[in-house]
Structure formats: structure tokens, C-alpha cells
Amino acid sequence: QGTMAEKILVTGGAGYIGSHCVLELLEAGYVPVVIDNFHNAIRGTEKPSSLPRQGTQSLSAPHPLPPPPGADVLPESLWRVQQIVGQPILFQELDITDEAALQELFRKHRFSAVMHFAGLKAVGESVQKPLEYYRVNLTGTIRLLETMKAHGVRNMVFSSSATVYGDPKYLPLDENHPVGGCTNPYGKSKYFIEEMIRDLCKAERGWNAVLLRYFNPIGAHESGMIGEDPQGIPNNLMPYVAQVAVGRREFLSVFGNDYNTDDGTGVRDYIHVVDLAKGHIAALKKLKENCGCKIYNLGTGTGYSVLQMVRAMEKASGREIKYKITGRREGDVASCYANPALAEQELGWKAAFGLDKMCEDLWRWQLQNPTGF
């Protein structure tokens, strides 16, 4: 090896999107260093860093390596990523609001960039607990940025959201659509963080940031070993639909069928989580160009209604999915889908997987893990 592989700090890397990105980082030859506070991740049963013998993909008979000294017990999601890629993962239990711990982490490692996923993310809960959302998402990010600055790490990929667009003034949504008219504190926290990062890149030379506005990530890695594992009642449509299909929940409540859409149900842009993760690898490469602050939508450009998603999941699972129509949910918009052309032009990235693949992969994950991790 001529050059040392680049170390990338991944905050919130044990979560749904983070864990899929860690896998893509490893496959692309980076060295991810993952931190997570287990707010939305399951601890692995006292399984230290352990890898299967070469050539076996068997989960049942891994060949345990002794954990590196001082290593924390891996989250279940990352333990499984290790099984898939056959490489150990550097992990530390850490909360991004803990400034002293962040400083120590940055003293220990030389990071070339940070991928920032850590944060609270349930829209409904954010309406109930705005202060908690602002405290974790905003102060956590400020401490992270301050620590990066102190240690001369000035490259970041930020996990933002299409919620920053608020109620669409036009469709499809491109990156020039006005932002900030957010309908909930979760979306506002993402918008405020985008603004902080933009101001920082403007004020100080040498900062590069790529802000990725996700649409609706669904699906799972095709191994079926990692996927979305919502704690409690799922906040998002597809995990809920999958749980109905697998028999964990009786029926789906469809919030409103009187929207101005083809079948009256809400339309969203769903993107395969593996496509999303590959978008982050493309974003890392973009940072290398000293790009300043760049913003990209990550979506497919196609909107599907709730009922279309239900039918696609029925097809993938071969099971009937019962649903009931109920009233609209506060803060929901009728339609929301991306114009993803800019990411294709500037990142060379384009979503590759269609609806059938998203649903097949989600179903495989759900079937192999009926109660999640």
C-alpha cells in the first residue's frame, strides 16, 4: 500500500443510513471510525469485534478476534457489517454533545473528513419535544464543527433532508427551491445546521462541505443482514408496511386519501438506502476538489403514492397488506419528489435501484429479522 487509507469519522454510524454508509466506505477502501450513543441503535450481545473465517459467510460460527484494547462493544448493525465485509470496524460509544470526548477522539485519530449522521430524527416527536431536538441536533453539530476546526479537519458530508424545502412551491424540487419554510422542528434543525455550515464555509477558507438532502430512504443491504430497525412504532411508511406484511402489526393507517394526487394518497420520492450510501462516497470524492459548500438532492426523481407502495410491497412479499384510511396528519404535504439532475452532473451519481428492488430488499431484511436486530 503506497498511501495510508483515509480515516473518515462517521457520527451516528450505527443507525440505518450510517451503517449502510460504513459498509460502502469499507468497500471503497476507506477506514471508517464510527461513533454512536446508542440512542437509535441496538447493542450487540457481548460480541467483541469478531470476523468469520475467510470464505465463510456463516453468521453462526464466526471466528472471534480478541477486541482491541479499550474497544467498546459493537452495535449489532456494525457487528453485522463486519460479517459482510470481513474487516474489523473501529467503534467508540460517544455522544456528539460531549465536547471533551470529541476532543480526545480527534487527538487520537487523524481524520481526512467527517460524515455527520448523528441526530434525532422523528418528525412527530420533534413537534412534541422541540428543545430536545434543537439541543441535540444544533449544539451537537456546533461542538463537532468546533472540534473539527481545532484539529484542522475541514471536510464534512452532512446528512440533511428534503424537509428543509417545506411545502413545495413547485415540483420536482431542485436545489434552488426556497428553503426554511419547514413544517416541524426536525426539519428546522436540519435547515439551521445547513445555514451554520454555509456561513462557516463562507467565513473561513479551506472548509469544504457537501450537504445531502435525502428524500425517503428505504430498503436494505441485499444480504438481508442490515436494515432499518425502528424502535417502537415506526415513524416511516415502509418499515410499518413491512411489519404489517410480516404479521407484527395488524393494519396500516393511511393518513388521508383526499390529496390532489392520482389516488388521493400522499406521493413521495423513495430511494434505496444503498444508492443513498453510494451518494455519500461520491460526495467524499467531491470534497477532494476543494469544492467549498455544495448542496445536492439525493432522490430518484420519481414519486410514488402510499397505495402504490403498499401494492409494490404486496408484490414483493406475496402477502396481503391490510390498510385503513384515516385523517390527514398535521404537517404532511401532498407530493414531494426530487429533481436529482445536479447530483448526476456534479457528483457523477445517480440512483440505480427501482421500486421492485427496494421492496424485495426490504422484504428480505424483514423476513430474516422479523423483530429487527
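All values reported here derive from a predicted model rather than from experimental measurement. (Residues numbered from 1 in each chain as written. Predicted model: local features only at pLDDT ≥ 70, side-chain atom pairs only at ≥ 80, totals over all residues. Heavy atoms only, no water.)

## A few points about the pattern of salt bridges
Then step 1. Applying the stated criterion across every chain yields a total of 18 salt bridges.
Then step 2. Counted as one network, the salt bridges with shared partners bring together E222, K357, D361 and R364. (Salt bridge = Lys/Arg side-chain N within 4 Å of Asp/Glu carboxyl O.)

## Comments concerning the confidence of the model for the chain
Then step 1. A residue-level look at the chain finds 92% of positions with pLDDT of 70 or above and a mean pLDDT of 93.
Then step 2. In this model, residues 52-62 is a region of pLDDT below 50 whose contacts with residues beyond four sequence positions or in other chains number 17 contacts. (pLDDT = per-residue confidence, 0-100. Contact = heavy atoms within 4.5 Å.)

## A closer look at the environment of H151
Then step 1. Examined against the element boundaries, H151 turns out to sit in the loop between α5 (130-150) and β7 (155-161).
Then step 2. Residue H151 is classed as partly exposed on the basis of its relative accessible area of 28%.
Then step 3. In this structure the C-alpha to C-alpha distance between H151 and K278, which are 127 residues apart in sequence, comes to 27 Å.
Then step 4. Every residue in contact with H151, bar those within four places of it in the chain, is listed here: Q103, F106 and R107. (Helix = DSSP H or I, 4+ residues; strand = E, 2+ residues; numbered from the N terminus. Buried < 20%, exposed > 50% of the residue type's maximum accessible area, 1.4 Å probe, protein only.)

## Digging into the nonpolar core
Then step 1. Ranked by size, the top nonpolar core spans 47 residues in total, and within it L78, V81 and L284 carry the most contacts.
Then step 2. Looking at this core, the elements that each hand over two or more residues are β1 (7-11), α1 (16-27), α2 (76-85), β6 (113-116), β8 (208-214), α8 (273-287), β12 (293-298) and α10 (341-347).
Then step 3. Looking at which element gives the most residues to this core, the answer is α8, with nine residues.
Then step 4. Apart from the residues within four sequence positions on either side, L78 is in contact with G13, A14, S19, V22, V34, I89 and F91.
Then step 5. Within the second largest apolar cluster, 27 residues are counted, among which are V33, I35, C201 and L211. (Core = buried A, V, L, I, M, F, W, Y, C linked by side-chain atoms within 4.5 Å.)

## Some details on the packing of aromatic side chains
Then step 1. Summed over the entire model, instances satisfying the criterion amount to five aromatic pairs.
Then step 2. Relative to F192, the ring of Y191 has its centre 5.8 Å away and its plane inclined at 45 degrees; by these criteria the two rings are tilted.
Then step 3. Through a chain of ring-to-ring contacts, three or more aromatic side chains come together here, namely Y134, Y191 and F192.
Then step 4. The ring centre of Y240 lies 5.5 Å from the NZ or CZ of R249, which sits over that ring.
Then step 5. Here K357 stacks its cationic end above the ring of F353, 5.1 Å away from the centre of that ring. (Phe/Tyr/Trp six-rings, centres within 6.5 Å; stacked < 30°, edge-to-face > 60°. Lys NZ or Arg CZ within 6 Å of the ring centre and 35° of its normal.)

## With respect to unusual backbone geometry
Then step 1. Look at the link from L171 to P172: it is a cis peptide, with omega at -10 degrees.
Then step 2. Relative to the helices and strands, P172 is located in the loop between β7 and α6 (185-203).
Then step 3. The phi angle at F38 is positive, at roughly 65 degrees, despite the residue not being glycine.
Then step 4. Turning to its location among the elements, F38 is positioned in the loop between β2 (31-36) and β3 (50-51).
Then step 5. What makes F38 buried here is its relative accessible area of 10%.
Then step 6. One non-glycine residue with positive phi stands out, namely N290, at about 50 degrees.
Then step 7. Residue placement: N290 occurs in the loop between α8 and β12.

## Section: the packing of α5 against α6
When two helices pack together, their arrangement is given by the angle between their axes and by how far apart the axes lie.
Then step 1. It is the contact of α5 with α6, at a shortest axis distance of 9 Å, that shows an interaxial angle of 20 degrees. Compared by their axis directions, α5 and α6 come out roughly parallel. In the crossing of α5 with α6, the sense of the turn from one axis to the other is right-handed. The segment α5 lies against α6, with P130, Y133, Y134, N137, L138, T141, I142 and L145 engaging P185, Y186, K188, S189, F192, I193, M196, I197 and L200.
Then step 2. Of the residues in the contact of α5 with α6, the class split is 13 nonpolar, three polar and one charged. (Axes fitted to C-alpha atoms, helices over the stretch in contact; angles between N-to-C directions. Parallel < 35°, antiparallel > 145°, perpendicular 65-115°, else oblique. Left-handed = near helix turned anticlockwise from the far one by under 90°. Nonpolar A, V, L, I, M, F, W, Y, C, P; charged D, E, K, R; others polar.)

## Here we look at the state of the cysteines
Then step 1. Under the counting rule described, the total for this entry stands at zero disulfides.
Then step 2. Here C21 is not disulfide-linked; the sulfur of C291 is the nearest cysteine sulfur, at 17 Å.
Then step 3. Assessed through its relative accessible area of 1%, C21 is described here as buried. (Disulfide = S-S within 2.5 Å.)

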